[in-house]
Protein chains: 2
Amino acid sequence: MTFVSARHLPYVGARCERCSLHSRCLTMGLEGAVLADFDAMLERPRPLKRGETLVHQGDRFANLYAVRSGSLKQVVAQGEVRDQVTHFYLPGELVGLDGIGGGDCPGNLVALESTYVCEFPFSRLEVLMQDSSALQNRLFHTMGEELRDHQRMMCLLSGRTADQRMASFLSGLSERFRLRGYSPTCFYLSMSRGDIGSYLGLAIETVSRVLGRFQQQQLITLEGRQVSLVALEKLRRIAEEGAGRHSGG
Amino acid sequence: MTFVSARHLPYVGARCERCSLHSRCLTMGLEGAVLADFDAMLERPRPLKRGETLVHQGDRFANLYAVRSGSLKQVVAQGEVRDQVTHFYLPGELVGLDGIGGGDCPGNLVALESTYVCEFPFSRLEVLMQDSSALQNRLFHTMGEELRDHQRMMCLLSGRTADQRMASFLSGLSERFRLRGYSPTCFYLSMSRGDIGSYLGLAIETVSRVLGRFQQQQLITLEGRQVSLVALEKLRRIAEEGAGRHSGG
DNA sequence: CGTCGTGTTGACAGGAGTCAATGTCAGTGG
DNA sequence: CCACTGACATTGACTCCTGTCAACACGACG
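In the nomenclature of an unreviewed UniProt entry, chain A corresponds to Crp/Fnr family transcriptional regulator from the organism Billgrantia montanilacus.

Written out as C-alpha cells, the structure reads:
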C-alpha cells in the first residue's frame, strides 16, 4: 500500500521467453511475433503481500493472471453461507478462468504469501486468439484441464473419508510441485489448517487430527507448515482406496 | 439397435434456426453464413435408448453434443473407486466440454431416457471459431459457466447437510427446467435415487429418507419419479441456510 | 504482559452410512 | 392370467465418523 504509485516492477523489460515458467504458462508453444504481442500485452503488477486481495468477489471480470511465485487461494462467499476456499494456485498456474463469460469474478483471490503475478487483459487475449489458433487451443486446453480438476475434486468431496481427502490433497500438491520443478516430497503449506479444511470439506480439528495420525503412521513428518512426504506411495494408495464412504451401498 | 444402418434421423434437412432450443444452444447469436456452416457441420445421430451409452470413458475426445430432448448422466470411474455420477444434462445443455484439451473422454455419457442429441465435431468447431469470434466467445462463455457450476457443486458437497443438498438439487433442477420453458414446479426425475445419491454424495437410503421428510413437511409431493415442488421458496431457503456442517467452527 | 491468530488435543453428540428386511413395479415366460 | 425375477425404492435399527464445544499451547506483536 505504501507503493501505490509504483505499480510496476523494475523489470518492465521482462520477457516471457526468459521466464522460467514459460514452458508451463499460457505462452507455451507461442513464438515469434505472437509471443512478442503477448509480451507487450501483459502487465506485471507489484507483488502482493500475504493476505492481500488480488481480486474481489463481484469485481467486473477483466483479467486472467498467472502466478509467477508465491500462491493464492480463491474464496467464495455465498449469501449467509460460510466462506469457502475453492482453489489454491501455485506458481505456473493460470488464475481467473472461472470468470470468463460471467459478468463478474466469482470469488476473492487472496495471496497466501508474498506473491508475484502476471496480468493478462482478457479482451486483448481474445483479439490475439483470433490471429493465433495456438493460443486459442492453449486456452481451451487449460479450461478443459480445470474442468477435469473440478470433476476430480467433486468426486473427492462426495463420499471419501477424511483420511482419503487429506492423502489426496497432499499427493496432489506433491504432483503439482513436481511438475514445476520443486521437490515433490518436501514443501511448505502456505495455507492455514482452516483453509485446508474449508477446501476439503473438513472441520479444522479433523485436519489437525488426520495430519497427526499420518505423522504417527510415519507417512509424513510435520513441523508447523513444513511437510515432508515420507511415504508418498502409501499416501497415494490411501487416496485411491476403493472403500470410501459409500463403498458398500 | 434394429436401425443401425439408419444413423440419421429423417429430418436430415433440419436447421438450427428452426430448432426450439436455438436460443439456448451454442448457436445462440450466430446468423447468416456462419450459422449455415454450423448447420452443415453437425450430425443428428439416431436417438439413444434408456441406459444406452453415447460416449465411453477413455474414448478419444472428438465431439461436443447438445441435448435436444431427453437427458444424460455422466459417470466417472476412478480406479477401484466406485463409479460416480458427476453431471446430469437436460435439453438445451452442451455436453462434453470437459473432454477439451484432454486426449480422451473423462467419463461415460449414459442416456437416462430416450434421448436425442446433436453432434458437433470439435475439430470443425475449432476451424469455424477462427472465422467467427461470436462462436468463440460463445464457447468460452459456456465453459466459464460450467466452471462456475462445478464450483457451486463443490461448495455444496463440502460441508452441507443432506437436506441442504437435496433442496439445492431440486431447486437447481427447477431453475434449469424453467429456463428452458418447462414447468419449474412439476417435473419427472429421469435419474434413479442411486444416481441422485452418487451425484450428491449421499447414500441411497439417505436420499429416500430426505425426500420422504420433505414430503411430510409438505415441501414437495412425490409419486415415484414424478415430483412437484409445493413450496419452492422454502426449498430455496433450506438450500441457502447459513448453518451447514461447519457453521460454527 | 495481554491479546490475537493459529494449531493441537480431548470429550461428546449427532448426522449420515451400513446392514437388513420388505414393498413396488415392469418385464418375461409358462 | 399369474408366478418369477431383478431393479428400484422405502423403512428401521444400529454404528461410527466427523463435527462441535472447550481447554490449552505457542508465537507474533503491540
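A. Structural context of the domain arrangement of chain A. Residue and element names in this part refer to chain A. Looking at the assigned domains, one finds that chain A contains domain 1 (44-152) and domain 2 (157-246). Summed over both sides, the interface of domain 1 with domain 2 buries roughly 1200 Å², with 52% coming from carbon and sulfur. Applying the counting criterion to the domain 1 and domain 2 interface returns three salt bridges. For Lys73, the salt bridge goes to Asp195, with nearest N and O atoms at 3.0 Å.

B. Representation of the relation of the copies chain B and chain A. If you rotate chain B by 180 degrees and push it 0.0 Å along the axis, it lands on chain A with an RMSD of 0.0 Å. Put plainly, the chains are arranged around a two-fold axis. Mapped onto chain A, 100% of the interface residues of chain B are again interface residues, and the two copies thus contact each other with one and the same surface.

C. Geometry of the protein's contact with DNA strand C. Around DNA strand C lies a shell of 17 residues, among which Ser208, Arg209 and Arg245 of chain A together with Ala162 and Thr206 of chain B are the nearest. In DNA strand C, the atoms that sit within 4 Å of the protein are 66% sugar and phosphate, with bases accounting for the remainder. A distance of 3.3 Å is found between a phosphate oxygen of DNA strand C and a backbone nitrogen or oxygen belonging to Gly201 of chain B. For DNA strand C, a base oxygen lies 2.9 Å from a polar atom in the side chain of Arg209 of chain B. Looking at the surface near DNA strand C residue by residue, the classes come out as three nonpolar, seven polar and seven charged.

D. Seen up close, the interface of chain B and chain A. Listed as interface residues are 50 residues of chain B and, on the opposing side, 51 residues of chain A. Surface buried jointly by chain B and chain A totals about 4500 Å² across both partners, of which 57% is contributed by carbon and sulfur atoms. It is Phe140, Leu147 and Met154 of chain B in chain B that bury the most area against chain A; as a group they hold 17% of the surface buried on that side. Remark: the boundary between chain B and chain A carries zero salt bridges. Across the contact surface, chain B and chain A share 15 residue pairs in polar contact (both at pLDDT 80 or more). Among the elements that line the side of chain B that touches chain A, the one with the most residues is helix H3 (residues 133-157) of chain B, at 18 residues.

E. Looking closely at the sheet that holds strand S2 (residues 63-69) of chain B. Residues and elements named next belong to chain B. An order of S5-S2-S7 is seen for the three strands of this open sheet, with the pairing classed as antiparallel. The open sheet terminates on both sides in strands that have one partner only, identified here as strand S5 (94-95) and strand S7 (116-121). Where S2 meets S5, two bridges bridge the pair, whose relative direction is antiparallel. Bridge pairing in S5 places Tyr65 opposite Val95. Relative to the sheet, helix H2 (residues 122-131) contacts S2 and S7, its axis offset from that of S7 by approximately 60 degrees.

F. A look at the packing of aromatic side chains. Going through the model one piece at a time under the given rule, you end up with 17 aromatic pairs over all chains. Judged by centre distance (6.0 Å) and plane angle (55 degrees), the ring pair of Phe88 of chain A and Phe169 of chain A falls under tilted. One end of the pair, Phe88 of chain A, is in strand S4 (residues 81-89); the other, Phe169 of chain A, is in helix H4 (residues 162-179), with 81 residues separating them in the sequence. Accessibility expressed as a relative area gives 2% for Phe88 of chain A, which makes it buried. Arranged with centres 4.8 Å apart and planes meeting at 35 degrees, the rings of Phe177 of chain B and Phe187 of chain B form a pair that is tilted. Pair noted here: Phe177 of chain B is in helix H4 (residues 162-179) and Phe187 of chain B is in strand S8 (residues 186-188), with a separation of 10 residues, a long-range link. Summarising the burial analysis for this pair, Phe177 of chain B and Phe187 of chain B share the class buried. Among the aromatic residues, ring-to-ring pairing joins Phe61, Phe122 and Phe140 of chain A together with Phe61, Phe122 and Phe140 of chain B into one connected group.

G. Just the pattern of salt bridges, in detail. Counted under the stated rule, the structure contains 22 salt bridges over all chains. For Asp163 of chain B, the salt bridge goes to Arg213 of chain B, with nearest N and O atoms at 2.6 Å. Here Arg213 of chain B lies in helix H6 (residues 204-216) and Asp163 of chain B lies in helix H4, a separation of 50 residues in the sequence. Residue classification places Asp163 of chain B among the buried residues on the basis of a relative accessible area of 19%. The class for Arg213 of chain B is partly exposed, based on a relative accessible area of 34%. Each member of the salt-bridge network shares a partner with another, and the members are Glu175, Arg178, Glu233 and Arg236 of chain A.

H. Just the UniProt feature "domain: Cyclic nucleotide-binding" (unreviewed entry) in chain A, in detail. The positions UniProt marks with the feature "domain: Cyclic nucleotide-binding" (unreviewed entry) are residues 38-96 of chain A. Taken end to end, residues 38-96 of chain A comprises 7% helix and 47% strand; its first and last C-alpha atoms sit 18 Å apart.

I. Structural view of the environment of Met143 of chain A. Tracing the chain through its elements places Met143 of chain A in helix H3 (residues 133-157). In this structure, the C-alpha to C-alpha distance between Met143 of chain A and Arg193 of chain A, residues 50 residues apart in sequence, is 28 Å. If we skip the residues at most four places from it in the chain, Met143 of chain A touches Leu97 and Ile100 of chain A together with Phe140, Met143, Gly144 and Leu147 of chain B.

J. View of unusual backbone geometry. At Gln218 of chain A, a position not held by glycine, the phi torsion is positive, near 60 degrees. When you line up the elements, Gln218 of chain A lands in the loop between helix H6 (204-216) and strand S9 (220-223).

Cut-offs applied
Residues numbered from 1 in each chain as written. Chains lettered and ligands numbered in written order. Predicted model: local features only at pLDDT ≥ 70, side-chain atom pairs only at ≥ 80, totals over all residues. Heavy atoms only, no water. Domains from an automatic or database assignment. Buried area = accessible area lost by both parts, 1.4 Å probe. Salt bridge = Lys/Arg side-chain N within 4 Å of Asp/Glu carboxyl O. Least-squares fit on C-alpha atoms with pLDDT ≥ 70 in both. Contact = heavy atoms within 4.5 Å. Near = heavy atom within 4 Å. Polar contact = N/O pair within 3.5 Å; in protein donor to acceptor, adjacent residues only side chain to side chain. Nonpolar A, V, L, I, M, F, W, Y, C, P; charged D, E, K, R; others polar. Helix = DSSP H or I, 4+ residues; strand = E, 2+ residues; numbered from the N terminus. Pairing = 2+ DSSP bridges. Axes fitted to C-alpha atoms, helices over the stretch in contact; angles between N-to-C directions. Phe/Tyr/Trp six-rings, centres within 6.5 Å; stacked < 30°, edge-to-face > 60°. Buried < 20%, exposed > 50% of the residue type's maximum accessible area, 1.4 Å probe, protein only. UniProt positions renumbered as here; feature names shortened; annotations may be inferred.

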